[in-house]
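Here's the letter readout for the chains.
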Amino acid sequence: MIAKGLGESSSKVHFIIRSEANSVKKVKNDIQDSLKKFRIRKIDVYEVFVWEKKDVEKLQNSGVLDFLEETKRKKFIGCVGIFSHRIEVIKYGLDLYDFDVVSTLYNPIHRLAETLFKTIEKRNLGMISIAPFATGILVDPKYDENIRKEGVEFMNVSNVFNFILSSKYVHSIVVGSKRKQHILENIDAVSRRVQLNERERNEISKKMLEFIGKDSCRMCRYCERCPKGVPIADLLKLHILATSYGYKDFVKWQFKFFEEKIRKCDSCGLCEKVCPCLLYTSPSPRDLSTSRMPSSA
């Protein structure tokens, strides 16, 4: 569908392919499949998607990283990137292999990626910001125009883009869109963006954190690996929409679709153990509730 929609415009588009494939055969199939489906001759960035340090080691030991280097020499891919929700995993990957591009979550309320900035500058790496709107919680969805909480007008696309693109370390943003209107809003905001200094950037970060709650979920979705299939991130997002934005009627309606899945939770605590924010701030995640994300994260 994407290839058909792009048509001849595909020559003007940069293609970034992300995959959890961990064997040469699977990676090769991924690349060939993508080239065929998108009707292109080259993938600009092939990103390995890793969850844990052991995943990076497996890519190295199985020959995947060597294969990607060879594929890059043959011009089927332009750059090799690494994507992870965890900064320490990316740092470990950069120690093992000379990646060209780093992709991770970075937005006004999720700033852990800034610990990578010195390395990015020193090694002249590309940096891609993922989930700029934190899956939507940084932009007022306007579910009910009758509900206008104080400060909600600050939660908009322009402030997010201005914050991210004013950083000299960020070279691109991958933005998701569900509707045509989202695309139009994004294009408009980028075309009118302004360069901010650090004080102005920090002010945006501060105001957005104050609006959604300093201890709110950062929407990295790492907890989606719940063995029971409980949609933890979606539930925490609903919590933010209800408490911060005030869209309680919408949340009550949505909550009905999750009740059956919620009952499967057995309080195993895995979601807290794998939460990147909690891991950065506490040696004992079980002592904290998932709804009480440390503000320092």
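Everything discussed here concerns the structure shown above.
Heads up: these notes are all about the structure in this document. Note that the structure is predicted; figures quoted are calculated from it, not measured. (Residues numbered from 1 in each chain as written. Predicted model: local features only at pLDDT ≥ 70, side-chain atom pairs only at ≥ 80, totals over all residues. Heavy atoms only, no water.)

1. Looking at the overall build of the protein chain
- When helices and strands are tallied, the protein chain shows 14 helices and six strands.
- For 297 residues, the compact-globule formula gives about 19 Å, and the C-alpha radius of gyration of the protein chain, at 20 Å, lands near that figure.
- Dimensions of the protein chain, computed from C-alpha atoms along their principal axes, come out at roughly 55 × 45 × 40 Å.
- Each of the 297 residues in the protein chain was classed as buried or not, and the buried ones make up 46%.
- At a minimum sequence separation of 6, the contacts of the protein chain that also span at least 24 residues come to 70%.
- Taking the average place of the 52 positive charges on the side chains of the protein chain and the average place of its 38 negative ones, the gap between the two points comes to 3 Å. (Helix = DSSP H or I, 4+ residues; strand = E, 2+ residues; numbered from the N terminus. Rg over C-alpha atoms; globule rule 2.2 N^0.38 Å. Buried < 20%, exposed > 50% of the residue type's maximum accessible area, 1.4 Å probe, protein only. Contact = heavy atoms within 4.5 Å. Lys, Arg positive; Asp, Glu negative; His and termini not counted. Charge placed at Lys NZ, Arg CZ, Asp CG, Glu CD.)

2. Observations regarding the pairing of strand 3 (residues 77-83)
- Of all seven residues making up strand 3, five are buried, and the element is well covered by its neighbours.
- The sheet contact formed by strand 2 (residues 43-49) and strand 3 spans six bridges and is parallel. Each residue of the ladder has a partner; that of Phe49, found in strand 3, is Phe83.
- This β-α-β element, strand 3 to helix 5 (residues 87-96) to strand 4 (residues 101-105), shows right-handed connectivity. (Pairing = 2+ DSSP bridges. Right-handed = clockwise from strand over helix to strand, strands pointing away.)

3. A word on helix 7 (residues 157-165)
- Across the nine residues that make up helix 7, a large majority, nine, are buried.
- Listing the buried residues of helix 7 in full gives Val157, Ser158, Asn159, Val160, Phe161, Asn162, Phe163, Ile164 and Leu165.
- Check the buried side of helix 7 and you find it contacts strand 5 (126-130), strand 6 (172-174), helix 8 (180-191) and helix 9 (198-212).
- N-cap assignment for helix 7: the residue whose side-chain oxygen lies 3.2 Å from the backbone N of Ser158 is Asn156. (Polar contact = N/O pair within 3.5 Å; in protein donor to acceptor, adjacent residues only side chain to side chain.)

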